[in-house]
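Observations on chain architecture
One-letter residues, chain by chain:
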There are 2 protein chains.
Amino acid sequence: MMNGWRIPTTLAMLRSCTQRSLLSVPFSTTSRVNANRAVVFSEAGRPASVLRTHTFPTLSSPPAGSVNIRYRLAPVNPSDINVIEGSYPLRPVPDVSVSSDGKLFVPGNEGLGEVTAVGDDVQGLSVGDWVVVAKQQSGTWVSARSARAEDVIKLPKGDVSEVNAATIIVNPPTAYNMLREFVDLKEGDWVVQNGANSAVGQVVIQIAARRGIKTINFVRNRENFEELERQLKALGATHVLRYDDLADKEKIKTVQSWTKDAPIRLFLNCVGGNSVTKTLRLVGHDAHLVTYGAMAREPLTLPASPLIFKGLVARGFWQSHWYDMHGRKEREELMRALVDLKLKGPEHEIVTVPGNVNDEEASQLICETMRRMSEGKSGRKVMLRIEERLD
Amino acid sequence: MMNGWRIPTTLAMLRSCTQRSLLSVPFSTTSRVNANRAVVFSEAGRPASVLRTHTFPTLSSPPAGSVNIRYRLAPVNPSDINVIEGSYPLRPVPDVSVSSDGKLFVPGNEGLGEVTAVGDDVQGLSVGDWVVVAKQQSGTWVSARSARAEDVIKLPKGDVSEVNAATIIVNPPTAYNMLREFVDLKEGDWVVQNGANSAVGQVVIQIAARRGIKTINFVRNRENFEELERQLKALGATHVLRYDDLADKEKIKTVQSWTKDAPIRLFLNCVGGNSVTKTLRLVGHDAHLVTYGAMAREPLTLPASPLIFKGLVARGFWQSHWYDMHGRKEREELMRALVDLKLKGPEHEIVTVPGNVNDEEASQLICETMRRMSEGKSGRKVMLRIEERLD
């Protein structure tokens, strides 16, 4: 999840991907129609350099216990980039459904799928259902794939937009679970978070506001701070502050006066580094500092005193681990709860890989998109719509 | 408890205390016999500069719910020095039992007392009982005092030596509770700790060995390392290593091979700083890093990765807080369990403040002892025996 990830913009990333897209692309040798397409890579590296598209045959009928899925929309998340770069603790397994040579990996950890065929011994899933796959690194940047039914979570189709559904399994549950797993928060309680305008941060604000929990939201200083403050307050933020405010004794006293009757017991951190240590002064006894990202790429610095004398507990949260620990029923309950929250979807742009272009053109489109992201030109979440091939 | 505390040896500490002991000492104005003596201070500062002794009258009969105690032996713990220096989060309250002007503080957080009188409405305590006082900063560097019965824990007299009884309420329960409160350790499991030759560390080794739990014990490099290694192994240590070994890849692999079938889930830390971060590489998933001291006077540096992806939980332990949270029955059970463990007592020297010297001489003895400790000349725990006054 590492939601705080930022795309490095080095010269190496700016080299043209035209060269790379001239590399030979293995074609399937089966007799089925080559109707599907996946974004793939064979070796870890800069996304703009190592990604390409690959065409593969129509799916066979799903085996017992499996379903076939057509992917409608899949986001490009920071953690996906980490996986492609090889800096994520999990690697995808070689994807034999797109190529039997065992050398291709399909990125993508979340996305909205639609069931197109149901194998034997599958309960509770029908053709046309909207689904997400909770298995880590399942490879969602693809037009279609099969999946084990046990990894599939059905969504309440019709109650949720495509964009919200495609981005529902990582960030919203991270926020939702961090707000309920560690501290028993009641109406009127306070939560402090940094990276408050991250995808998770914005969901934290929304869920807290619905529950009557007040939030103190730290963001970086920026030219348009007031605009961001307005946006976050529109989502339900109680207060929005800058990390610079942590050096201002009067501001600190103000925060302490807000929370003195309900000392802060939950601090959500996706940044790391020095500001975390300073923010600890704002929290009360027996607080939990929950880390789910490391945007500053710096470790936490924790003095012994709050650990020993104030009962501080520092821990992490990883939604993938949550899925590993919870069964289908709990997963579906989680999705139902998230859909019912009617969360504001992420600001996004959809990049469609059309069915009528060849892999060379499609590869070029993908790596231009990646390069544009790495240059920070898109402030919005990029979502991939990879169409079935028409030719 | 901050068991890792080290006495600073600055020039300021070396100035003679003779000057200071010439300060006027307030004498009691009551008509009772001045038969008791306490070590006291009025303002925080270097122990060798601010401590003196003070004579006060024989205790009155204890009020309802209280007992009178004669102190037999009280240790000088690192946390006591912190309190006197003013660097501990808790200050003792002015001690009106030794002086009604409300300006004198009596240091001392633990010690062995003997009940000399029992007030009304006190159950389960009799004259002659050996007791300890679990109230924080109760002021034990004194010949006698009264105490509320609810703060008093009775010891199984006869089953425990004076020295072990006088040092039973801080370090042994810290070790005992850290080994049972966070991780469900079974025979054959591993624990790693730093500061392994500290008072707590040595008890950890002993309790773990009795329970069949294996320990990896880190200590500073030193000339007589082999001797220390032998001593700690004689207590039950499985392995003794130096912090320098953390830079040695082969050593790290060796440790990993020891623990590969039972990954380490408990890491006890009284040091802090860089070595903690390195030691984290040795621990397995879902481990608890429990901090109870800060000998290196440096904060912990925790990368986000073990928190998020390995389920690491960093927390603190403070035995004083444990007492606050537990009633008399649980406290007595704890003492019984500790006595039954027949722990090796600390290496110690007893400093007796004799009953037949005046306060000027007694003050000089106390601050010479403190100066000697600050110069690191005593490798052994100093224990005070403050006798009743005879003159």
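Residues numbered from 1 in each chain as written. Chains lettered and ligands numbered in written order. Predicted model: local features only at pLDDT ≥ 70, side-chain atom pairs only at ≥ 80, totals over all residues. Heavy atoms only, no water.

Looking only at helices and strands, one finds 14 helices and 16 strands in chain A. In terms of C-alpha radius of gyration, chain A reaches 22 Å, essentially the compact-globule figure of 21 Å for 391 residues. Judged by the C-alpha coordinates and their principal axes, chain A covers about 70 × 50 × 35 Å. Relative to its 391 residues, chain A shows a buried fraction of 57%. Considering only contacts within chain A whose residues lie at least 6 apart along the sequence, 74% involve residues at least 24 apart. (Helix = DSSP H or I, 4+ residues; strand = E, 2+ residues; numbered from the N terminus. Rg over C-alpha atoms; globule rule 2.2 N^0.38 Å. Buried < 20%, exposed > 50% of the residue type's maximum accessible area, 1.4 Å probe, protein only. Contact = heavy atoms within 4.5 Å.)

Within the largest apolar cluster, 136 residues are counted, with the highest numbers of intra-cluster contacts made by Met335 of chain A together with Met335 of chain B. Discounting chain neighbours no more than four positions away, the residues touching Met335 of chain A are Val132, Ile153, Leu155, Ile168, Ile169 and Tyr323 of chain A. (Core = buried A, V, L, I, M, F, W, Y, C linked by side-chain atoms within 4.5 Å.)

Right, let's get into the pairing of strand 16 (residues 381–386) of chain B. All names here are of chain B. Along strand 16, five of the six residues are buried, which leaves the element largely enclosed by surrounding structure. Bridge count between strand 15 (residues 348–353) and strand 16: six bridges; the pairing is parallel. Residue pairing in the sheet places His348 in a bridge with Lys381 of strand 16. (Pairing = 2+ DSSP bridges.)

Right, let's talk about the relation of the copies chain B and chain A for a bit. Mapping chain B onto chain A calls for a screw motion: a turn of 180° about the axis and a shift of 0.1 Å along it, with 0.0 Å RMSD after fitting. The transformation just described matches what one would write down for a two-fold rotation axis. A shared interface surface links the copies, since 96% of the contact residues of chain B are contact residues in chain A too. (Least-squares fit on C-alpha atoms with pLDDT ≥ 70 in both.)

Here the focus is the interface of chain B and chain A. The partner chain A presents 23 residues to the 24 residues of chain B that form the contact. Roughly 2,000 Å² is buried in total at the junction of chain B and chain A, and carbon and sulfur atoms are behind 75% of that figure. Considering only the surface of chain B that becomes buried against chain A, Leu307, Ile308 and Phe309 of chain B emerge as the three largest contributors, covering 30% of it. Inspection of the region where chain B meets chain A yields zero salt bridges. Applying the counting rule to chain B against chain A returns five residue pairs in polar contact (both at pLDDT 80 or more). If you list the elements that add at least two residues to the side of chain B that touches chain A, you get strand 13 (300–302), helix 10 (304–309) and strand 14 (313–316) of chain B. Here strand 13 (residues 300–302) of chain A pairs with strand 13 of chain B via three bridges, running antiparallel. Each residue of the ladder has a partner; that of Leu302 of chain A, found in strand 13 of chain B, is Leu300 of chain B. (Buried area = accessible area lost by both parts, 1.4 Å probe. Salt bridge = Lys/Arg side-chain N within 4 Å of Asp/Glu carboxyl O. Polar contact = N/O pair within 3.5 Å; in protein donor to acceptor, adjacent residues only side chain to side chain.)

Let's shift gears to the side chain of Arg37 of chain A. Residues and elements named next belong to chain A. Among the structural elements, Arg37 can be located in strand 1 (residues 36–40). With a relative accessible area of 0%, Arg37 lands in the buried category. Here Val357 takes part through its backbone oxygen, which lies 3.0 Å from a polar atom of the side chain of Arg37.

Right, let's talk about helix 3 (residues 78–85) of chain B for a bit. All names here are of chain B. For helix 3, a buried count of six out of eight residues is recorded, marking the element as mostly surrounded by other parts of the structure. Residues of helix 3 that are buried: Ser79, Asp80, Ile81, Asn82, Val83 and Ile84. Where the residues of helix 3 are buried, they touch helix 2 (47–50), strand 3 (66–75) and helix 13 (359–374).

This next bit is on the packing of aromatic side chains. Two measures describe an aromatic ring pair: the distance that separates the ring centres and the angle between the ring planes. Overall, the coordinates contain 14 aromatic pairs over all chains when judged by the stated rule. Each ring, one from Trp190 of chain B and one from Trp258 of chain B, has its centre 6.4 Å from the other, and the planes form 10°; the classification is stacked. Residue Trp190 of chain B is located in strand 8 (residues 190–193), and its partner Trp258 of chain B is located in helix 8 (residues 249–259); the two are separated by 68 residues in the primary sequence. Taking the relative accessible area as the measure of exposure, Trp258 of chain B reaches 27% and is therefore partly exposed. Judged by centre distance (6.1 Å) and plane angle (10°), the ring pair of Phe218 of chain B and Tyr243 of chain B falls under stacked. Of this pair, Phe218 of chain B sits in strand 9 (residues 214–219) while Tyr243 of chain B is found in the loop between strand 10 (239–242) and helix 8, placing the two residues 25 residues apart along the sequence. Of the residues examined, Phe218 of chain B reaches a relative accessible area of 2% and is grouped as buried. Aromatic rings pair up to connect Tyr88 and Trp318 of chain A together with Phe309 of chain B into one cluster. Over the face of the ring belonging to Phe225 of chain A we find Arg242 of chain A, whose NZ or CZ atom lies 3.8 Å from the ring centre. (Phe/Tyr/Trp six-rings, centres within 6.5 Å; stacked < 30°, edge-to-face > 60°. Lys NZ or Arg CZ within 6 Å of the ring centre and 35° of its normal.)

Time to look at the pattern of salt bridges. Under the counting rule described, the total for this entry stands at 41 salt bridges over all chains. Ionic pairing is found between Asp245 of chain A and Lys251 of chain A, a salt bridge with its closest N-O pair at 3.7 Å. By relative accessible area, Lys251 of chain A is classed as partly exposed at 29%. In this structure, the salt-bridge partner of Glu162 of chain B is Arg385 of chain B, at a minimum N-O distance of 3.3 Å. Pair noted here: Glu162 of chain B is in helix 4 (residues 162–166) and Arg385 of chain B is in strand 16, with a separation of 223 residues, a long-range link. Since its relative accessible area comes to 19%, Glu162 of chain B is described here as buried. Arg385 of chain B sits in the partly exposed class, given a relative accessible area of 24%. One continuous salt-bridge network, built from bridges that share partners, spans Arg72, Glu114, Glu162 and Arg385 of chain A.

Where the residue is not glycine, phi is negative for most of them; where a peptide bond is considered, it is trans in most cases. Residue Arg297 of chain A is not a glycine yet carries a positive backbone phi of 55°. One non-glycine residue with positive phi stands out, namely Lys342 of chain B, at about 50°. Note on placement: Lys342 of chain B falls in the loop between helix 12 (328–340) and strand 15.

All names here are of chain B. Along strand 11 (residues 264–269), five of the six residues are buried, which leaves the element largely enclosed by surrounding structure. The pairing of strand 8 with strand 11 spans three bridges and is parallel. Across the sheet, residue Val191 finds its bridge partner in strand 11, namely Leu266. Once you follow strand 11 into helix 9 (residues 274–279) and on to strand 12 (residues 283–291), the crossover reads as right-handed. (Right-handed = clockwise from strand over helix to strand, strands pointing away.)

Honestly, that's just the spatial picture; any functional story needs more than this.
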